[in-house]
Structures are given as C-alpha cells and as structure tokens.
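Residue strings, one per chain:
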Amino acid sequence: MIVSNDPYALAAEAAVALRELAGVDAFEVALVMGSGWVPAADALGEPVAEFPMTKLPGFAAPTVAGHGGTIRAVRTASGHFALVLLGRTHLYEGRGVEPVVHGVRTAVAAGARVVVLTNAAGGLRPETQQVGEPVLISDHINFTGANPMTGARFLDLTEVYSKRLRALAREVDPSLAEGVYVAFRGPTYETPAEIRMLRTLGGDMVGMSTVLEAIAAREAGSEVLGVSLVTNPGAGLVGKPLNHEEVLEVGRATAARMGGLLAKVVDKL
Ligand code: HPA
C-alpha cells in the first residue's frame, strides 16, 4: 500500500480501499456520527459491511469515549448506500487538521454528494432549547483557529449548510429549530464568560467539531446537513459543571428519535 503525503491523494486512496472493503461501488450519502449519536446509527438501515477505520489509509483511531472509530456501509430502506462513520477525529487530539477532515474527504471521494454531520453541543439558548433536542445547523462561527484549506483558494461559505437539506429535514420533523453552531478547539468546555460572549455574538450551540468537516465537504463540492444534539446548557447557564458522561447519556436516551430522524431524511435524498 502506497500512502500519500498529499491529503487529497490520501483520501482518494482511502476511497479506493473503502469501496473494495465494503464491496460498494459508490455511496450516495455519508453520515458522521458524533458524541452521543453512535447509538442512533442502528436505525439507518441494514449494515452490509463494518470494519475499524484504521483499515483504511490515513485514518487514526479516535481516542474519545463514545466515538467508536468504526466504518459501516449501510443499505437504506430506499436501496441506496450510506457510509456511516461511527466516530471522528477532533482537533483537540493534537494530530492537526488533516486527520479531522480525512473521513469527509474520503466519503466524498467515494461518491457521497451529501454529507450529514452530527454532533453533541452545549445549548446557548436555554430559554428556548431543551436538553435532548436536535437543532439543524443553519450556519457556523469557526473559533478553532484552524482551516482545512491552505493557499490562496477562496471558497464561498455563504451557504455551508444546505437550505434544501434543512427544508427536507423539516418535512420529516416540522418542529426542528435552526441555530448557529460555534466551534472551539477544546478539549476544555467553555468558561461562563465565553458562553456569555457567544450568546452576544449570535451563537446558538457550542461544540468542538463539525466546522472543519463542513468546510472540507463544501470544498469537495458536497451538500452538507448539520444537526446538533443539545446535551446540556452551556457552562454557567444553570450553575452545574459539565461532563462527557452526561453528553453520552443524553445521546443514549434520544437515540431512537435521532436515528428515526436521520433514517427518514436519508430516505428522502
Ligand atoms: N461545550 C462544548 N462542547 C460540547 C458541549 C459544551 O457545552 N456539550 C457537548 N459538547
């Protein structure tokens, strides 16, 4: 196996290996299952292949509890193939930007014209948001200090998160709210002062993922649907410390609803 130094060539290599290992020629859609979303994946359809991400060139094993590090190929109810990434690499793991977006780049190289990015997030608007509620990402603020693109290649980000896909998700569930997702690098949760700042700046959810993958997917020409599961109010909003176990627990408790939502959206694509 030749492993390339160029991240785009590496993703193309991984896509070749993926098609072969999964026995699938082209995937229509890819879904990245973030913290708390892994249990929802079972609703997506019948698995036709499943293997550790590390079997493909360029994938590192995720180090976070609740991020499985597994790739699953699924045949959906409508007979299409979905690529499900159970787990992701985060910027805070310290491996740099390229491993963070490698899954999305590989998925697009394997045919995915739609990329669904899910995450767990702190809610910045407890006045209107409930813990356990999915919120469609309408836009983002990238406070990670990183960008998956380098060089003088100026990509328009007016509509990172597709209006068409958000409308489709609302056909499935008209009660879905929309919001602006803010990403910090992590791994610390935010301070109460940062949470107040983000509210002032127009953020609605805060987390440590998604924005770099969304940019990489747009760069590669895919449409993006982003969904945050609000697992807790942001730090300081309710006077209770945050912990990762609570984030995973909300995911387990809402898995059936989240899985059903994603399965229905994928079927409408
Ligand atoms: N902040 C950042 N990331 C998160 C949070 C949060 O409050 N909840 C789940 N992921």
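Attention here is on the structure that accompanies the text.

Rules used in this analysis
- Per chain, residues are indexed from 1 in the order of the written sequence.
- Local features in this predicted model are restricted to residues whose pLDDT is 70 or higher, and side-chain atom pairs enter the listing and the counts only when it is 80 or higher, whereas totals over whole chains, interfaces and linings include all residues.
- Calculated side-chain values reflect all of the structure's heavy atoms, with hydrogen atoms and water omitted.
- When at least one non-hydrogen atom of a residue lies within 4 Å of a molecule or strand, that residue is treated as near it.
- Pairs of N or O atoms within 3.5 Å make up the polar contacts considered here, provided that, within protein, one atom can donate a hydrogen while the other can accept it, and that residues adjacent in sequence are counted only when both atoms are side-chain atoms.
- Where accessible areas are quoted, they stem from the Shrake-Rupley method and a 1.4 Å probe; at the residue level, only the protein chains shown are allowed to cover.
- Here a strand is any run of E in DSSP of at least two residues, a helix any run of H or I of at least four, and the numbering for each starts at the N terminus.
- Axes here refer to lines fitted to C-alpha atoms; in helices the fit is confined to the stretch in contact. Angles between the N-to-C directions go from 0 to 180 degrees.
- Any angle between 65 and 115 degrees counts as roughly perpendicular, while under 35 counts as roughly parallel, over 145 as roughly antiparallel, and the rest as oblique.
- Crossing handedness: left-handed means the near helix sits turned counterclockwise from the far one by under a right angle, and right-handed means the same turn made clockwise.
- In this analysis, two residues are considered to be in contact whenever any of their non-hydrogen atoms come within 4.5 Å of each other.
- Amino acids outside the nonpolar list (Ala, Val, Leu, Ile, Met, Phe, Trp, Tyr, Cys, Pro) and the charged list (Asp, Glu, Lys, Arg) are all regarded as polar, and Gly is one of them.
- Exposure classes here rest on a 1.4 Å probe applied to the protein chains alone. A residue is buried below 20% of its type maximum, exposed above 50%, and partly exposed in between.
- A strand pair is defined by DSSP finding two or more bridges across the two strands.
- Salt bridges are defined as contacts in which a side-chain nitrogen from Lys or Arg sits within 4 Å of a carboxyl oxygen from Asp or Glu.
- Grouping into patches uses exposed residues only, defined as over 30% relative accessible area, and leaves out salt-bridged ones; the cut-off is 9 Å for like charges and 5 Å for nonpolar side chains (Val, Leu, Ile, Met, Phe, Trp, Tyr).

## What about the site of the ligand?
Near the ligand, the surroundings consist of Ala-120, Ala-121, Gly-122, Tyr-189, Glu-190, Val-206, Gly-207, Met-208, Thr-231, Asn-232, Leu-242 and Val-247. Between the ligand and Glu-190, the relevant distance is 2.8 Å, taken from a nitrogen atom to a side-chain nitrogen or oxygen of the residue. Taken by itself the ligand offers 260 Å² of open surface, and the protein chains cover 95% of this. Within the residue set of the shell around the ligand, elements represented by two or more residues are β5 (114-123), β8 (205-207) and β9 (223-233).

## Some words on the packing of helix α2 (residues 97-109) against helix α5 (residues 211-219)
Packing of α2 against α5 leaves a shortest axis separation of 9 Å and a crossing angle of 50°. Classified by the interaxial angle, the pair formed by α2 and α5 is oblique. For the pair α2 and α5, the crossing hand works out as right-handed. On α5, the residues that touch Val-97, Val-100, Val-101, Val-104 and Arg-105 of α2 are Leu-212, Glu-213, Ala-216, Ala-217 and Glu-219. When its residues are assigned to classes, the contact of α2 with α5 shows seven nonpolar, no polar and three charged.

## Some points on the packing of helix α1 (residues 7-22) against α2
Between two packed helices, the angle of one axis relative to the other and the distance separating the axes together describe the packing. In contact at an axis separation of 8 Å, α1 and α2 are set at 55° when each is read in the N-to-C sense. The angle between α1 and α2 falls in the class oblique. In terms of crossing hand, the pair formed by α1 and α2 is right-handed. Between α1 and α2, the contacting residues are Pro-7, Tyr-8, Leu-10, Ala-11, Ala-12, Ala-14, Ala-15, Leu-18 and Arg-19 on the first element and Glu-98, His-102, Arg-105, Thr-106 and Ala-109 on the second. For the contact of α1 with α2, the residue count by class is nine nonpolar, two polar and three charged.

## Considerations on the pairing of strand β7 (residues 177-184)
Burial within β7 is extensive, with six of its eight residues counted as buried. Note that strand β6 (residues 134-143) and β7 share eight bridges and pair parallel. Bridge assignment links Asp-139 to a residue of β7, and that residue is Val-180. Across three bridges, the pairing between β7 and β8 is parallel. Counted as the bridge partner of Ala-183 is Gly-207 from β8.

## Points about the side chain of Thr-106
Mapped onto the elements, Thr-106 comes out in helix α2. According to the relative accessible area criterion, Thr-106 is buried, its value standing at 2%. There is a polar contact of 2.8 Å between the side chain of Thr-106 and the backbone oxygen of His-102. Those residues within four positions of Thr-106 in sequence are excluded, and the remaining contacts are Ala-11, Ala-14, Ala-15, Leu-18 and Phe-59.

## Some points on the pattern of salt bridges
Applying the stated criterion to the full structure yields 17 salt bridges. Between Arg-95 and Glu-93 there is a salt bridge whose closest N-O contact spans 2.8 Å. Given a relative accessible area of 35%, Arg-95 falls into the partly exposed group. Using a relative accessible area of 18% as the deciding quantity, one classes Glu-93 as buried. Measuring nitrogen to oxygen at the nearest pair gives 3.1 Å for the salt bridge that ties Asp-204 to Arg-125. Of this pair, Asp-204 sits in the loop between α4 (192-200) and β8 while Arg-125 sits in the loop between β5 and β6, and the two are 79 residues apart along the sequence. Residue classification places Arg-125 among the buried residues on the basis of a relative accessible area of 18%. Sharing partners across several salt bridges, the network here consists of Asp-42, Glu-50 and Arg-72.

## Regarding a nonpolar patch on the surface
A cluster of nonpolar residues, Phe-143, Met-197 and Leu-201, forms a patch on the protein surface that exposes about 250 Å² of accessible area. Of note, Leu-201 is situated in the loop between α4 and β8.

Purely geometric stuff here, so don't read any function into it on its own.
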